[in-house]
Amino acid sequence: MLAIRFDRFGGPEVLTPVDVPVPVPGPGESLITVEAAGVNFADTLQVDGSYLSPDLLPHIPGGEVVGRTQDGRRVLAKVAHGYAEHVTAPRSALVEIPEELDAARALALLTQGLTAWHLLRSAARLQPGESVVVHSAAGGVGSLALQLAREFGAGRVLAQASAPHKERLALELGADEVARYPLALRADVILDAAGGDLFDHALGSLADFGRLVTYGNASRTAFAALDPARLSRLNAAVVGFWLRPALARPGGLREPLEELIALTLAGRLRPVTGLEYPLTRAHAAHTALRERRTTGKIVLRP
């Protein structure tokens, strides 16, 4: 079968199409014929060595797919080695999805949708009426987080984005206004995956008992040292978030995902879909993502 593999760490150029054997499912696993594989920023970190140790090379990246099991069920699944024509996954991890939910929207709900859900529910513990600022609001996580903030009862939702067309998209998705620092209000919750200057601006913009949730560093710049005394003066908190342990908690995956699917099918949540690439062009998808030229969910089609 066709797969995308890298044998050394580096940029998108190390992603190479290869011919490998079809995986054999083990006990409790299913073989899935891949309809589409999702591309996430974390995939680029695997490729450049931020997430993996050298002893795991060579490696086929990709953590999510939509596909069909051998008995014909259409499923959404967290997987390993998803950039391929076939993958295996534990049967307990498969979530059946209807035909009317296209692959790109379904994939947007898995990593990005669950991240957005847990950022607001588990990390920020958003309360009705609170104000929320979403950084990178036109991206995969941000575009869903600003909609979910409204769905979960936020009083005001502000969107930060890196370009005018991305700001317009965020407003179309329901943001009340564009966020520009210094903010005109003190925010109860700020969601940040950019790091760098945005993190510093956000920290100084929190309301009393506000929460700045950090879940990435897309700027790839070093974080400044965080002085606990400053947090005391601000009466605020910085909360770190990583999706993987959140999904491992009881009720962390299936229930939130089913809620996200139901909201999408009801028309109350609009996953933003972006570019689609042939599997053999995975390097181009990674380049676009790293250069922040993308909007919404990127998928690969075998």
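First things first, this report covers the structure right here in the doc. (Residues numbered from 1 in each chain as written. Predicted model: local features only at pLDDT ≥ 70, side-chain atom pairs only at ≥ 80, totals over all residues. Heavy atoms only, no water.)

Bringing the overall build of the protein into the picture now. When its secondary structure is counted, the protein shows 9 helices and 15 strands. In terms of overall dimensions, the protein is globule-like: its C-alpha atoms have a radius of gyration of 19 Å, near the 19 Å expected for 302 residues. Expressed as lengths along the three principal axes of its C-alpha atoms, the size of the protein is roughly 60 × 40 × 35 Å. Here the protein, with 302 residues, has 53% of them falling under the buried criterion. In the protein, the share of contacts with a sequence separation of at least 24, taken over all contacts with a separation of at least 6, comes to 66%. Total accessible area computed for the protein in this model is approximately 13,200 Å², and 52% of it derives from carbon and sulfur atoms. In the protein, the 31 positive side-chain charges and the 32 negative ones have mean positions that sit 2 Å from each other. (Helix = DSSP H or I, 4+ residues; strand = E, 2+ residues; numbered from the N terminus. Rg over C-alpha atoms; globule rule 2.2 N^0.38 Å. Buried < 20%, exposed > 50% of the residue type's maximum accessible area, 1.4 Å probe, protein only. Contact = heavy atoms within 4.5 Å. Areas by Shrake-Rupley, 256 points an atom, 1.4 Å probe, with all protein chains shown as cover. Lys, Arg positive; Asp, Glu negative; His and termini not counted. Charge placed at Lys NZ, Arg CZ, Asp CG, Glu CD.)

This next bit is on the sheet that holds strand E8 (residues 131-134). Strand pairing in a sheet relies on backbone hydrogen bonds. The paired strands run either parallel or antiparallel. Spatially, 6 strands are ordered E10-E9-E8-E11-E12-E13 in an open sheet, and the strand pairing comes out parallel. Each of the sheet's edge strands pairs with one partner strand only, and the pair in question is strand E10 (177-178) and strand E13 (237-240). (Pairing = 2+ DSSP bridges.)

To continue, consider the pattern of salt bridges. In this structure the tally under the stated criterion is 17 salt bridges. Note that Arg-290 and Asp-48 form a salt bridge whose closest N and O atoms lie 3.9 Å from each other. Of the two residues, Arg-290 is situated in helix H9 (residues 282-290) and Asp-48 in helix H1 (residues 41-48); the sequence distance between them amounts to 242 residues. Residue class for Asp-48 comes out partly exposed when judged on its relative accessible area of 23%. The salt bridge partner of Arg-73 is Asp-71, with a shortest N-O separation of 3.2 Å. Taking relative accessible area as the criterion, Arg-73 reaches 26% and is therefore assigned partly exposed. Exposure remark for Asp-71: the relative accessible area of 55% places this residue in the exposed category. (Salt bridge = Lys/Arg side-chain N within 4 Å of Asp/Glu carboxyl O.)

Further remarks concern the nonpolar core. Where a protein is soluble and globular, its nonpolar side chains tend to be buried together. Judged by nonpolar contacts, the single largest core of 52 residues is most densely connected at Leu-76, Leu-120, Val-132, Leu-146, Leu-148, Leu-191 and Leu-257. At the level of elements, helix H2 (103-123), E8, helix H3 (140-151), strand E9 (156-159), helix H4 (164-172), strand E11 (187-192), helix H7 (243-248) and helix H8 (254-265) are the ones that each hand at least two residues to this core. Those residues in contact with Leu-191 that lie beyond four places of it in its chain are Leu-119, Leu-120, Val-133, Val-134, His-135, Ala-145, Val-213 and Tyr-215. Membership of the second largest hydrophobic core comes to 33 residues, among which are Val-65, Ala-84, Val-87 and Leu-300. (Core = buried A, V, L, I, M, F, W, Y, C linked by side-chain atoms within 4.5 Å.)

As a further point, take the packing of H2 against H3. Where H2 meets H3, the closest approach of the two axes is 8 Å, and the angle between their N-to-C directions is 50 degrees. The angle between H2 and H3 falls in the class oblique. The hand of the H2/H3 crossing is right-handed. In this structure, H2 uses Ala-108, Gln-112, Gly-113, Thr-115, Ala-116, Trp-117, Leu-119 and Leu-120 to contact H3, whose residues at the interface are Gly-140, Val-141, Leu-144, Ala-145, Leu-148 and Ala-149. (Axes fitted to C-alpha atoms, helices over the stretch in contact; angles between N-to-C directions. Parallel < 35°, antiparallel > 145°, perpendicular 65-115°, else oblique. Left-handed = near helix turned anticlockwise from the far one by under 90°.)

Once that is clear, we can look at the packing of aromatic side chains. Throughout the structure, instances matching the rule amount to 1 aromatic pair. Ring geometry for Phe-6 versus Phe-9: centroids 6.3 Å apart, planes at 45 degrees, classification tilted. Here Phe-6 falls in the buried class, since its relative accessible area comes to 0%. Positioned over the ring face of Phe-152 is Arg-121, at 3.7 Å from the centre of the ring. (Phe/Tyr/Trp six-rings, centres within 6.5 Å; stacked < 30°, edge-to-face > 60°. Lys NZ or Arg CZ within 6 Å of the ring centre and 35° of its normal.)

Next up on the list: the side chain of Gln-46. Relative to the helices and strands, Gln-46 is located in helix H1. If we skip the residues at most four places from it in the chain, Gln-46 touches Phe-6, Phe-9, Tyr-51, Leu-52, His-59, Pro-61 and Gly-62.

Purely geometric numbers; function is a separate question.
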